[in-house]
Amino acid sequence: MHGRTCLESDSLLLDPQFPDGNLLPIFPMIQVILFSTMKDERTTGPSRCMSTLRHLLAIPVLLCAGVHPLLVPGTAMADSGDQLSDSLDDLSVRDIVLFLTDDQRFDSLWAMPVVQERLQDAGIDFQNAYVTTPLCCPTRASLLSGGYLPSQVGVLTNTYPNGSILAFPDSDTLATHMQDAGYYTAMVGKYMNLYEDFAPYVPPGWSSFVSMVQSDDWYDFQAVTGSSTSDSSGSGQYRDVNQYITDFQRDQAIQAIQQAGDSPIFLVVGFAAPHFPAQPAEQDSGTFDGFQYRGGAWNEQDLSDKPSWLREYPLIDNVAAICNDDNWQRQLESLQSVDRAVDAILDTLDELGRLDSALLMYTSDNSQLWGEHRLVGKGVPYQEAVHVPLLVAHSQLEPGSNDDLVAVNLDLPATILEVAGVPAMGSGGSIMPLLIGGDSSGWRDHITLQNWSQSPPTWAALVTRDWKYMEYGTGETELYDLSSDPYEESSLHDDPDMASIAEELSLTLAQERGLAITSSYLDISQEDQPYEFQLQAWGGEEPYTWSISSKALPDELELSSSGIVSGVPLFPTVQEVVLLVSDSSRSAFTGLPQGHYKNMFMRVVDDDWGVSQDDSIPGDHPACSWGGSPRGAGPWALLPWLLAPLRRKGRSDT
């Protein structure tokens, strides 16, 4: 096995696997409710049940009528027209295979000789491919929805209530449409976060479904195998696996291809690699010993142009650098088995006479930082997190490179549906004009990016070929000229000569970002003193409606539907409350308004307490990132702050 000496923990990473705070204790109750109400109908997958339950219990308003037009990032999309139809007729596509890695950097393909030779050199290499939300579950849910924006799908993060399988309505998806169109649909590998809590559930639309139940040991884990129809979910079988995980995924993908018979194939292979723990196959262990990454803005020395949440990050010291190098070595080593798996799957297609008519796509659900700007992980707006590899190959396509902007989670589903002759759904556009040399003059000129996790602060960004503009819920902004500063080392947001560019990009972004709570914290209140605080949100469609989803404000404080917290608190206390804001739109995918949950702490202090702004602890502070922070802080980091008022009260009483 692969021997390492450094601590293998996501606590070293800015990798918000649990970005929604300490909400998991309510999950078992929800699971019981879901399983007690689930029926064998198309609308009752686990995430559909949760979507309905969440609507009934937590979203108090469905007042608007009609369907709100989707706000598509980069509204100018290519019109296929007769020219594209003729070219599509000439392009013989029978089978569609999507290779989806997990957390793979866009600049790591050099370590994969097979992918380079058979996909990159033989296909089209997209240089400006992005995911609109750089986290695993939002990207996967957006892809499988048929290409709707995460804000329209309702899967904003990796964990409940803002994400995971619980938030994904799975009855009317890319899979169900492809299966209805006659495709043998196969899903192999990672499905959705928290799937293990619903196994052996098989979502609708999969002729063959093989998903891993999470395990830290890639040689010893459980998998679920099963099938379903487009009208109904299925129940799979547990399978104990003692095989290297990527090899197992390879074999299952090959088996699905062999079982398809005469039907066209739609195959998604969701590799676990190179996501943490990035356990390489035994034969690959040590392959990249000695590899170090010090590229781009690694360990950036001057963060004075960066927002406040980032300026507090320390420089990467020698110990952290050694451990990070070890992690990157493991990631590259784990990709070697992916490289061989792609080779074997393509060989199988070739042996069955399917390769020449197969449309092959290779991408990742997000990328990640390897120390740029002192950061390690994902979930941030910087290029290393949002910019992903995208290769598209077909025997009849002319190999080359393309620098048009592609939103992977929106445009790939649109492409798949068009190739399959299935009516369009979702927020993206088919990239066929970019593949076959059609008229792409009307293609998108920007992509809107967004993230809803609590660390770093809520942000939204807009990227063009040359510019990246970012806004945070704190009111801070960044602006980068990507043509001259591709590593985003010098923000131009304070440059008066750039004001008109920033304003133009800001206006576009304001029209397209999804609904999000931008308030980071609730102000401290004092006992027996009137209190009033206006919560803030952006995006979606106003007016907004605010409510308390779970837990509670301190006694005598109330939240109005307009987002005002007010009252006269009577006793010193610290309480956690989970807030929900919903807008006035209707998603074309879910039929529900957009919504965003956020947990905050409310502190009431006595008259002896010296109140200052520094005494508040924003919900976006790294200490509030319950899944771990770059300094290894977790929920215990809050303990001194939580106990401070009570200790102070005790001292005053004596």
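Thresholds applied
Along each chain, the written sequence defines residue order, and numbers are assigned to residues from 1. In keeping with the model being predicted, local features are shown solely for residues with a pLDDT of at least 70 and side-chain atom pairs are shown and tallied solely at 80 or more, while totals for entire chains, interfaces and linings include all residues. Based on all heavy atoms of the structure, the side-chain values leave hydrogens and waters out of the count. DSSP-based pairing: two strands are paired if at least 2 bridges between them are found. Each helix is a run of DSSP H or I of at least 4 residues and each strand a run of E of at least 2, with the numbering of both proceeding from the N terminus. The contact definition used throughout considers only heavy atoms, calling two residues in contact when any of these lie within 4.5 Å. For each residue, the accessible area found with a 1.4 Å probe, counting protein chains only, is set against the maximum for its type, and the residue is called buried under 20%, exposed over 50%, and partly exposed in between. Predictor confidence is given residue by residue as pLDDT, running from a minimum of 0 to a maximum of 100. Exposure above 30% relative accessible area and no salt bridge define the residues that can form patches, which grow by joining like charges within 9 Å and nonpolar side chains of Val, Leu, Ile, Met, Phe, Trp and Tyr within 5 Å. Only the protein chains shown count as cover for residues, and all accessible areas are computed by the Shrake-Rupley method using a 1.4 Å probe. Whenever a carboxyl oxygen of Asp or Glu lies within 4 Å of a side-chain nitrogen of Lys or Arg, that contact is scored as a salt bridge. Centres within 6.5 Å are what make two rings of Phe, Tyr or Trp a pair, Trp counting through its six-membered ring; a difference in plane orientation under 30 degrees is then read as stacked, over 60 as edge-to-face, and the rest as tilted. For the purposes of this analysis, a disulfide is any pair of cysteine sulfur atoms at a distance within 2.5 Å.

*Asks:* Mind showing me how you'd approach the sheet that holds strand β23 (residues 545–551) here?
*Replies:* Two modes of strand pairing occur in sheets, parallel and antiparallel, and in both the strands are linked by backbone hydrogen bonds. Sheet architecture is open: four strands sit in the order β20-β27-β26-β23, paired in mixed fashion. Every interior strand has two partners, whereas the edge strands, β20 (525–526) and β23, have only one. Across 10 bridges, the pairing between strand β26 (residues 573–582) and strand β27 (residues 595–605) is antiparallel. Across the sheet, Val 577 pairs through a bridge with Met 600, a residue of β27.

*Asks:* For this particular structure, what's the right way to read the environment of Met 602?
*Replies:* Structurally, Met 602 is set in strand β27. In this structure the C-alpha to C-alpha distance between Met 602 and Val 577, which are 25 residues apart in sequence, comes to 7.5 Å. When residues no more than four places from it in sequence are discounted, the contact partners of Met 602 are Leu 522, Asp 523, Ser 525, Tyr 531, Pro 554, Leu 557, Thr 573, Val 574 and Gln 575.

*Asks:* Even after reading the chapter, I still don't get the pairing of strand β13 (residues 390–393), so can you show me in this structure?
*Replies:* If a strand is regular, its side chains alternate between the two faces of the sheet. Burial along β13 is two-sided: Leu 390 and Val 392 facing one way and Leu 391 and Ala 393 facing the other are all buried. In terms of strand pairing, strand β2 (residues 124–130) meets β13 through two bridges, oriented antiparallel. Residue pairing across strands places Asp 125 opposite Leu 391, the latter belonging to β13. In this sheet, β13 lies alongside strand β10 (residues 358–364) in antiparallel orientation, the contact comprising four bridges. Its bridge partner being in β13, Met 361 is matched across the sheet by Val 392.

*Asks:* It is not clear to me how unusual backbone geometry should be interpreted in this structure. Could you clarify?
*Replies:* Comment: phi is negative for the bulk of residues other than glycine, and the bulk of peptide bonds are trans. The omega angle of the peptide bond from Ala 273 to Pro 274 is 0 degrees, so this bond is cis rather than trans. Put simply, Phe 276 and Pro 277 share a cis peptide bond, and its omega is 10 degrees. Along the chain, the position of Pro 277 falls in the loop between β9 (265–270) and α9 (308–311). Despite not being glycine, Asp 103 has its phi angle at roughly 75 degrees, a positive value. Along the chain, Asp 103 falls in the loop between β1 (95–101) and α4 (113–120). At Asp 528, a residue that is not glycine, the phi angle is positive and equals roughly 65 degrees.

*Asks:* Before we go on, may I ask you to explain the side chain of Ser 587 in this structure?
*Replies:* Following the sequence through the fold, Ser 587 ends up in the loop between β26 and β27. Contacts of Ser 587, omitting those with residues within four sequence positions, involve Gln 152 and Leu 592.

*Asks:* Could you clarify how one ought to interpret the confidence of the model for the protein in this entry?
*Replies:* Taken as a whole, the protein shows an average pLDDT of 84; of its residues, 79% reach a score of 70 or greater. Confidence over residues 1–86 falls short of pLDDT 50; this stretch has 219 contacts with residues more than four positions distant or in other chains. This stretch, residues 611–654, has a pLDDT under 50; its non-local contacts, to residues over four places away or in other chains, come to 88 contacts.

*Asks:* Please clarify how a nonpolar patch on the surface should be interpreted in this entry.
*Replies:* A contiguous nonpolar patch, built from Val 568, Leu 570 and Phe 571 and spanning about 260 Å² of accessible area, is present on the exposed surface. With respect to the secondary-structure elements, Val 568 resides in the loop between β25 (564–567) and β26.

*Asks:* Explain the packing of aromatic side chains here, please?
*Replies:* What describes a pair of aromatic rings is the distance from one ring centre to the other and the angle between the planes of the rings. For the structure on display, the rule yields 18 aromatic pairs. For the pair Tyr 148 and Phe 589, a centre-to-centre distance of 5.0 Å together with 35 degrees between the ring planes defines the contact as tilted. Highlighted residues: Tyr 148 in the loop between α5 (136–145) and α6 (150–153) and Phe 589 in the loop between β26 and β27, separated in sequence by 441 residues. In this pair, the class of Tyr 148 matches that of Phe 589, namely buried. Grouping aromatic residues by their ring pairs yields a cluster made of Trp 110, Phe 288, Phe 291, Tyr 293, Trp 328 and Trp 370.

*Asks:* Explain the state of the cysteines here, please?
*Replies:* Here a disulfide denotes one covalent bond, and it connects the sulfur atoms of two cysteines. The final tally for this structure, using the stated rule, is zero disulfides. Sulfur of Cys 137: no disulfide; nearest cysteine sulfur belongs to Cys 136 and is 8.1 Å away.

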